[in-house]
Amino acid sequence: MMNLFVKAFLLLLCSAFSFGMTKSHNPNTTATIVIHGFNPDGVDLEGVFGEDVLDNSLLYQVAEFAGLPVNDGSSTLPPNVIATTTYYGSTPPSYYTSQDITQLDAVTNQYGGGIPRYALIIAKYAEHIMNRSGAHQVNIVSASMGSFVGRWLIEKNSGQLANEGKIARWLSLEGVLCGNWAASNDLVQDLWDDFGTPSVDVEQMNYAWVEANLHSPRNEADNPLYSDILIGMEMSSRDTAGNGILTDIMLLVGDFHANDGVVTVDDAYFASMTPQSKFNSLPATSSWMHVNHYELKEYQPAMMQIANFLTQRRRVTAKVIRLQVTNTEEPDDFWWDWMPAEIVIESEVHSQLAEELWGITEPVCIRGIEGVSSPIYEFDENGEEITLSHIVFDDFVAEGETTLLINLGCYEIDWSEKYGIFEPLDGDGNELGSTPLSISVDSEGWSTQEFSTSNFNGTLEIVITDYPFVLLEDGQLGDVTGDGQVDVSDVLAVISAWGPCNSCSEDINGSGIVDVTDLLIVIGNWG
């Protein structure tokens with residue numbers, strides 16, 4: 001048998017080539033920066049930008065679910081602190097150097113301010129938080145126009161954060177990710193010009209500006225800087241914000257899109273991601289909530305899912321891959337046969353763990369006809385079967401989650417102004433029934449599950465992926481001996497337990513095997 005110390009030396013030598021990987025996507029050593037959204041008066045605000053904002057309710061809600069510390073303004077912060085600032089203002093913060101000011105002035109002069117300026121302000125604030133906390137990376141949680149700021153920050157490499165591997169995860173909430181419909185519509189623009197105050201923010205959210213200055217097509221992610229960043233997108237579909245005026249204008253001009261009263265669902269996610277943009281060769285996560293643009297911050301399932309995205313490693317993707325409708329509820333008259341039946345899949349997903357721990361009974365993901373967040377599938381006759389890839393759930397689950405509960409149904413549309421369907425029949429359509437499903441999510445792997453009702457049946461595909469991330473820990477990461485220090489004793493303990501190990505402290509990443517990954521975690525947290 002190889003001498004223990006010789007083995008340790010060889011392993012340490014080999015680890016030198018991959019030392020940096022231990023610091024990647026580690027929730028124990030990654031700070032989180034929240035980027036706020038659009039303020040109609042923001043461009044004209046005076047005051048200091050880039051300073052700590054300590055009274056943000058989102059910080060405290062996410063921190064409560066995730067177990068993360070909130071920035072209290074101290075000069076020294078925990079390495080996994082969650083913090084936020086404002087990019088509006090005219091005065092630089094005290095930590096800016098003359099070089100920082102020169103760089104910001106250059107970007108402001110080049111683009112007239114707006115998104116590029118805000119992105120650099122956020123990047124410098126992220127560095128400031130990393131310096132105060134000792135964090136190895138930052139997560140970005142961006143809301144509304146803040147997602148446009150986040151996208152610019154990454155794709156344009158503001159502050160060199162992206163190409164230096166300093167961004168771990170990016171979660172966009174109801175994001176102006178690909179521009180904004182209202183900022184791009186001629187009628188809305190005319191109203192703004194006549195009754196509002198046009199600003200550089202609105203100008204830069206225009207689709208044409210996005211394509212000319214950031215990326216074309218605007219709804220595609222095609223940048224190698226994304227490849228090391230875990231990306232997630234949350235879309236909201238309740239169009240009641242602003243008394244539904246956005247939907248009214250869309251219907252008036254004949255261009256309706258599912259929306260939350262401010263941002264369309266189409267503008268809030270990447271329609272495609274090129275291979276060079278995918279982390280772990282997978283697309284961004286996608287989740288849907290039936291709330292409006294201002295209700296999300298009060299919706300507890302959304303806060304829980306934000307926490308899961310920031311701290312967990314198990315991703316669950318459930319898709320309908322086969323659907324057969326045996327009874328479309330369409331007339332069987334000979335003159336009707338040429339018209340297809342328009343079917344919408346409706347789904348609600350519930351977390352058993354969320355109910356057990358926090359009493360959350362609302363769905364953690366919901367799609368359907370009410371929010372127009374589910375697409376139409378056409379069936380020409382009863383009994384027709386189609387293959388598809390319809391997402392029911394695609395997000396992270398917390399450690400300890402063993403089962404997700406899904407209610408799956410179908411609705412046949414006869415009359416819907418939002419969907420653009422106008423059939424001369426009585427009523428808006430027909431419920432084709434629903435069925436409850438329970439899917440196991442307690443282990444990594446691939447499976448399928450059949451479902452059936454009297455009017456339809458199909459196949460649900462479940463893919464469970466465990467990312468190579470460590471989990472959030474209460475103690476010091478890497479201290480397997482529990483003596484309060486990460487040192488040679490922990491290295492020796494890991495080597496002594498080498499191989500298969502069920503729930504032992506030496507298996508730091510919880511893979512079931514004590515191996516070089518666990519050894520690298522110890523080394524990366526030395527001290």
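Preceding block: the structure.
All of the points below concern the structure found in this document. Computed from a prediction, not measured in an experiment: that's the story for all the values here.

1. Section: the layout of surface pockets
- Within this model, the largest pocket holds a volume of roughly 1,200 Å³.
- For the largest pocket, the lining is made up of 42 residues, of which Phe38, Ser144, Val262, His293 and Tyr294 are closest to its centre.
- Looking at the lining of the largest pocket, the elements that each hand over two or more residues are α2 (57–66), α7 (186–195) and α10 (245–253).
- Broken down by class, the residue content of the lining of the largest pocket amounts to 25 nonpolar, 14 polar and three charged.

2. Considerations on empty space enclosed by the protein
- Taken as a whole, this structure holds three cavities of 30 Å³ or more when the rule is applied.
- Considering the residues around the largest cavity, the lining is formed by 14 residues, among which Leu171, Glu234, Ser287, Gln305 and Asp395 are closest to the centre.
- Contributions of two or more residues to the lining of the largest cavity are made by β4 (167–173), β6 (230–236), β8 (285–289), α11 (300–311) and β13 (384–397).
- Classifying every residue of the lining of the largest cavity by side-chain character gives seven nonpolar, four polar and three charged.
- Within this model, the second largest cavity holds a volume of roughly 40 Å³.
- In terms of lining, the second largest cavity is formed by Ile229, Leu230, Ile231, Met273, Ser277, Lys278, Phe279, Leu282, Pro283, Ala284, Arg315 and Tyr467.

3. A word on the packing of aromatic side chains
- Inspection of the entire model under this criterion finds 20 aromatic pairs.
- Pairing tryptophan 415 with phenylalanine 422 gives two aromatic rings, centres 5.1 Å apart and planes at 80 degrees, and the pair type is edge-to-face.
- Take tryptophan 415: its relative accessible area is 44%, and that puts it in the partly exposed class.
- The class for phenylalanine 422 is partly exposed, based on a relative accessible area of 46%.
- One aromatic cluster in this structure is built from Phe279, Phe309, Phe396, Tyr467 and Phe469.
- We note lysine 156 situated over the ring of tryptophan 152; from NZ or CZ to the ring centre the distance is 5.3 Å.

4. Points about the pattern of salt bridges
- Following the criterion strictly, the structure yields twelve salt bridges and no others.
- The closest approach of N and O atoms between glutamate 127 and lysine 166, which form a salt bridge, is 2.7 Å. One end of the pair, glutamate 127, is in helix α4 (residues 115–133); the other, lysine 166, is in the loop between α5 (145–155) and β4, with 39 residues separating them in the sequence.
- One salt bridge connects glutamate 450 with arginine 322, and the closest N-O pair in it is separated by 3.0 Å. On the criterion of sequence distance, the pair formed by glutamate 450 in strand β18 (residues 445–452) and arginine 322 in strand β9 (residues 314–325) is long-range, its members being 128 residues apart.
- Take glutamate 450: its relative accessible area is 48%, and that puts it in the partly exposed class.
- On the accessibility criterion, arginine 322 (17% relative accessible area) is buried.
- Because the salt bridges share partners, they merge into one network encompassing Glu127, Glu164 and Lys166.

5. Some words on the packing of α4 against α5
- One can describe the packing of α4 onto α5 by two numbers: an axis separation of 8 Å at closest approach and a directional angle of 75 degrees. One finds that α4 runs roughly perpendicular with respect to α5. Seen from α4, the contacting residues are Ile115, Pro116, Tyr118, Ala119, Ile122 and Ala123; seen from α5, they are Met145, Phe148, Val149, Trp152 and Leu153.
- Taken together, the residues of the contact of α4 with α5 break down into eleven nonpolar, no polar and no charged.

6. Observations regarding the nonpolar core
- Core analysis: the largest hydrophobic core is formed by 137 residues, its most contacted members being Leu323 and Leu460.
- The dominant element in this core, judged by the number of residues it contributes, is α4, at eleven residues.
- Ignoring anything within four residues of it in the chain, the contact list for leucine 323 reads Ile345, Phe379, Glu384, Glu385, Ile386, Leu388, Cys410, Phe451, Phe456, Asn457 and Gly458.
- In terms of nonpolar packing, the next biggest core, distinct from the first, is built from 16 residues, Val470, Val491, Ala497 and Ile508 among them.

About the criteria used
Residues numbered from 1 in each chain as written. Predicted model: local features only at pLDDT ≥ 70, side-chain atom pairs only at ≥ 80, totals over all residues. Heavy atoms only, no water. 1 Å grid on protein atoms, 1.4 Å probe; cavity = no way out; pocket = protein on both sides within 12 Å on 5 of 7 lines; lining within 4 Å. Points joined across faces, edges and corners; volume = space filled by probe spheres on them. Helix = DSSP H or I, 4+ residues; strand = E, 2+ residues; numbered from the N terminus. Nonpolar A, V, L, I, M, F, W, Y, C, P; charged D, E, K, R; others polar. Phe/Tyr/Trp six-rings, centres within 6.5 Å; stacked < 30°, edge-to-face > 60°. Buried < 20%, exposed > 50% of the residue type's maximum accessible area, 1.4 Å probe, protein only. Lys NZ or Arg CZ within 6 Å of the ring centre and 35° of its normal. Salt bridge = Lys/Arg side-chain N within 4 Å of Asp/Glu carboxyl O. Axes fitted to C-alpha atoms, helices over the stretch in contact; angles between N-to-C directions. Parallel < 35°, antiparallel > 145°, perpendicular 65-115°, else oblique. Contact = heavy atoms within 4.5 Å. Core = buried A, V, L, I, M, F, W, Y, C linked by side-chain atoms within 4.5 Å.

That's the geometry; what it means functionally is another story.
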